[in-house]
Amino acid sequence: MENRWAPASADGGHRDELDACVYGSQLLGRDPALVLHGGGNTSVKQPFHDITGRRIDALYVKGSGWDLATIERAGFAPLRHDRLLELLALDSLSDMDMMRELSAACLNPAAPAPSVETLLHALIPHKAVQHSHADAIVTLTNTADGERRVEDVYGTDVLIIPYVMPGFDLAKVVSQMWDDDRYCGMVLLNHGLFTFADTTKEAYERHVALISRAEAWLDEHAPIAAPTDEPPPPCRCLRLAELRRQLSEVAGKPLIARRHWTPQIARFVARPDLESLADRGPLTPDHVLRTKRTALVGTDIKAYTEAYTGYFSDNAARTGARLEMLDPAPRILLDPEIGLLGIGETAKAAAIATEIYAHTMPVLERAEDHLGGYVALLPEDVFDVEYWSLEQAKLALGGPKARFTGCTAIVTGAASGIGRACAEALLSQGCAVTGFDSSPAVEGAFDGPNWLGREVDVTDADAQQRAIDDAVERFGGVDIVVAAAGVFGPSAPIRHLDFADWQSVQAVNVDAIALLLSSTHDLLALSPIGGRVVIIGSKNVHAPGPGAAAYSASKSAVTQLARVAAIEWAEDAIRVNVVHPDAVFDTGFWDDETLEARAAQHGLSVAEYKSRNLLGTAVSSKAVAAVVAELCSDTFAATTGAQVPIDGGNIRVV
């Protein structure tokens, strides 16, 4: 393990111990071999000064909802250290009572809820504590003889703790086993590593040293074979969409399913013992919240669901509380032809599940092939964490889900104007969106796991199909299509019409959309929410203007295409609607010169021309996008074949 503590960032370079703790926490959190997505925790003991200036001995511990990679001072909850030690003197303490008492001991009401491992941090008689779930450590511990292997690597330098569920009970076990300060670290079997010292820098350096010793031992005794670089099998997009539909039906909500294929995955899914390994359990119990206890091998979702239901039934009485079963859909699917599907309620959740399993695979292989076999916690121990009220509370911190959570969309013309606004509206409501545009700017139009931008000429059928395939591989299927790509073309009276100009307008505004609909129909028919299509038409369908023959004809043609699609696709539960905007001046169709020319043509000023509708209102791309998003929602579940004007009231249309 590389020591990434910068020389200029020694503890003396920070204004206080908490600053040093923030820095050291970020170093741990940014190394995925140590900490993944909210895992691990850190603390530091330093005085807290209240509003009167009174000095109080305090423990600053990582708060729930914060990720070590990006944590800041505000992410640490300050608690009265003496009160925490008083709690440790109790013989027993329930989880709910513990969290209530931790909240009461907090010196800042605005601080986040403290870690469930707060009492363990308070117990350790050192100022700074760092805790990770390092891959190298769990590779040693998750074996049939894990404790002995830890002893082989570390001798008496670390305290070895048997697995106990985090919280009060774990802190009590450690308090009973801790006999002196000779340890430089503590290994929790099937859990991870703690290091501690008088400064965060020294605690971090101990972390580096102990993990480096584990890595060196593993390299000697359990080397990782180099994966072969096998190309992925071709993507069978309809098969992926069908699997996503089945997964969503089992979950009772739309899910994202992202396909992955790497040399590591290729080797792992080709193992003859794949099914056995995938059924053993997670590296650490908290991973169950992201990946479920086991992965699905193959595509028999029904069998997985039945097995999960049995697992729940076998263990539901353990907590003594009335439990409601979580959705039984897998979060990892492994198949020799598909590779790995990361599954989640959001694209981010699917990516997290995938990253955790990417770290799981090499641990499983090393332990199985060189260390006598991989052994995880018993199913009942994993269940206790999966249905632990405190962990479930963490997952609920995000609040209610946006209405398009788990849904996927394709939006054409997404780099600017109405298309970009439609993509933004869907993204803001939780949808995973793939944007097509001829401009390379589309790829970086938005950030985040819910966005995929593809530079594509929509008139190129092969290029558009490749982009659709990319969308399915990234998100698992297609629920929504918004056809917003369009061109106006040169203005000319019909008698001076250039036929090449005519054809180029029809190619983008009609032919490309016909290709898009034809290519996405089967995917939309497999949507777990029912397919939804919105085509951007124009006021010119009902009120054409002079010099716009090609544009007006193209928009009329695509409106007729949408009407036929609405008729044909209703039996597949696919809704197809059209919106007809007018006078949307924040698009690429308009510039100052064009606006001035059009205004003069109508004998109006530019300001008058821009608000020439009945309501006297400006129509923006954002306003059009809001209607498009609403048409894609369940509000319009009973609407198809509709044409909705968004024009402020055009006298020629009304």
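In what follows, the structure referred to is the one given above.
What you are looking at is a predicted structure, and each value in this text was computed from that prediction instead of being measured.

To continue, consider the overall build of the protein. Along its length, the protein carries 23 helices and 18 strands. Its C-alpha atoms put the protein at 95 × 65 × 50 Å along the principal axes. Within the protein, buried positions represent 54% of all 654 residues. The long-range fraction of contacts in the protein, counting pairs at least 24 apart against all pairs at least 6 apart in sequence, stands at 72%. Of the roughly 27,200 Å² of accessible surface on the protein, a fraction of 51% belongs to carbon and sulfur atoms. Positive and negative side-chain charges of the protein, numbering 56 and 87 respectively, have mean locations separated by a distance of 4 Å.

As a further point, take the sheet that holds strand β9 (residues 296-297). Read from one edge of the open sheet, 4 strands run β8-β11-β10-β9, paired in mixed fashion. The open sheet terminates on both sides in strands that have one partner only, identified here as β8 (256-260) and β9.

Turning our attention to helix α1 (residues 17-29). Between the first and last C-alpha of α1 there are 18 Å, a value that for 13 residues agrees with the 18 Å anticipated at 1.5 Å per step. Within α1, 12 of the 13 residues are buried, leaving the element largely enclosed by the surrounding structure. Restricting attention to buried positions, one finds in α1 the residues Leu18, Asp19, Ala20, Cys21, Val22, Tyr23, Gly24, Ser25, Gln26, Leu27, Leu28 and Gly29. Each element contacted by the buried residues of α1 is listed here: β1 (41-49), β2 (55-62), β3 (76-80), β4 (128-132) and α8 (200-221). A distance of 3.2 Å separates the backbone nitrogen of leucine 18 from a side-chain oxygen at the start of α1, and that oxygen is part of aspartate 16.

A word on the nonpolar core. Residues Leu341, Val533, Ile535, Trp569 and Val576 are the most contacted members of the largest nonpolar core, which totals 55 residues. Here this core gets 6 residues from one element, more than from any other, and that element is helix α9 (residues 237-251). When neighbours within four sequence positions are excluded, valine 533 is seen to be in contact with Val481, Leu517, Leu524, Trp569, Ile574, Arg575, Val576 and Asn577. Core analysis: the second largest hydrophobic core is formed by 35 residues, Leu87, Met99, Val174 and Trp178 among them.

With 24 residues, helix α14 (residues 347-370) ought to run about 34 Å at 1.5 Å a step, and its terminal C-alpha atoms sit 35 Å apart, in line with that. Positive backbone phi, at 85 degrees, marks glycine 372, one or two positions downstream of α14.

At their nearest, the axes of helix α17 (residues 417-428) and helix α23 (residues 621-631) sit 8 Å apart, and the two run at 50 degrees to each other. When the axis of α17 is compared with that of α23, the two are oblique. In terms of crossing hand, the pair formed by α17 and α23 is right-handed. Only Ser621, Lys622, Val624, Ala625, Val628 and Ala629 of α23 make contact with α17, whose side of the interface consists of Gly417, Ile418, Ala421, Cys422, Ala425 and Leu426. The class makeup of the residues in the contact of α17 with α23 is 9 nonpolar, 2 polar and 1 charged.

Moving on: the packing of helix α2 (residues 81-88) against helix α3 (residues 95-105). Put simply, α2 and α3 touch, their axes get as near as 9 Å, and they point 160 degrees apart. It follows that α2 is roughly antiparallel to α3 by the angle criterion. The two elements α2 and α3 meet at a crossing, and its hand is right-handed. When α2 is examined against α3, the residues Arg83, Leu84 and Leu87 are found in contact with a partner set consisting of Glu101, Leu102 and Ala105.

Our focus in this paragraph is the packing of aromatic side chains. Inspection of the entire model under this criterion finds 13 aromatic pairs. With centroids separated by 5.3 Å and ring planes inclined at 55 degrees, the aromatic side chains of phenylalanine 312 and tyrosine 387 adopt a geometry described as tilted. Residue phenylalanine 312 is located in helix α13 (residues 301-315), and its partner tyrosine 387 is located in the loop between α15 (379-386) and α16 (389-395); the two are separated by 75 residues in the primary sequence. A cation over an aromatic ring shows up here: arginine 420 above the ring of phenylalanine 446, its NZ or CZ 4.7 Å from the ring centre. One residue, arginine 612, lies across the ring of tyrosine 609, its end atom 4.2 Å from the ring centre.

Mapped onto the elements, threonine 42 comes out in strand β1. With a relative accessible area of 0%, threonine 42 lands in the buried category. Side chain to side chain, threonine 42 and serine 25 meet in a polar contact 2.7 Å long. For threonine 42, the contacting residues outside a window of four places in its chain are Cys21, Ser25, Leu28, Tyr60, Val61, Lys62, Leu68, Phe76, His121, Val129, Gln130 and His131.

As a further point, take the pairing of strand β7 (residues 192-197). Of all 6 residues that make up β7, 6 are buried, and the element is covered over most of its length. Where β4 meets β7, 5 bridges bridge the pair, whose relative direction is antiparallel. Note on β7: the bridge partner recorded for valine 129 is phenylalanine 196. The pairing of strand β6 (residues 185-188) with β7 spans 4 bridges and is antiparallel.

All right, on to the pattern of salt bridges then. Under the criterion given, the structure shown has 35 salt bridges. Aspartate 219 is the partner of arginine 366 in a salt bridge, and the nearest nitrogen-oxygen pair spans 3.3 Å. Placement of arginine 366 in helix α14 and of aspartate 219 in helix α8 is noted, with a sequence separation of 147 residues between them. Given the relative accessible area of 12%, arginine 366 is considered buried. With a shortest N-O distance of 3.1 Å, glutamate 473 and arginine 259 are connected by a salt bridge. Remark: arginine 259 occurs in strand β8 and glutamate 473 occurs in helix α18 (residues 461-475); sequence separation between them is 214 residues. The exposure class assigned to glutamate 473 is partly exposed, which follows from its relative accessible area of 25%. One network of salt bridges, with partners in common, ties together Arg83, Glu86, Asp97, Arg100 and Glu101.

Parameters at a glance
Residues numbered from 1 in each chain as written. Predicted model: local features only at pLDDT ≥ 70, side-chain atom pairs only at ≥ 80, totals over all residues. Heavy atoms only, no water. Helix = DSSP H or I, 4+ residues; strand = E, 2+ residues; numbered from the N terminus. Buried < 20%, exposed > 50% of the residue type's maximum accessible area, 1.4 Å probe, protein only. Contact = heavy atoms within 4.5 Å. Areas by Shrake-Rupley, 256 points an atom, 1.4 Å probe, with all protein chains shown as cover. Lys, Arg positive; Asp, Glu negative; His and termini not counted. Charge placed at Lys NZ, Arg CZ, Asp CG, Glu CD. Pairing = 2+ DSSP bridges. Expected span 1.5 Å × (residues − 1). Polar contact = N/O pair within 3.5 Å; in protein donor to acceptor, adjacent residues only side chain to side chain. Core = buried A, V, L, I, M, F, W, Y, C linked by side-chain atoms within 4.5 Å. Axes fitted to C-alpha atoms, helices over the stretch in contact; angles between N-to-C directions. Parallel < 35°, antiparallel > 145°, perpendicular 65-115°, else oblique. Left-handed = near helix turned anticlockwise from the far one by under 90°. Nonpolar A, V, L, I, M, F, W, Y, C, P; charged D, E, K, R; others polar. Phe/Tyr/Trp six-rings, centres within 6.5 Å; stacked < 30°, edge-to-face > 60°. Lys NZ or Arg CZ within 6 Å of the ring centre and 35° of its normal. Salt bridge = Lys/Arg side-chain N within 4 Å of Asp/Glu carboxyl O.

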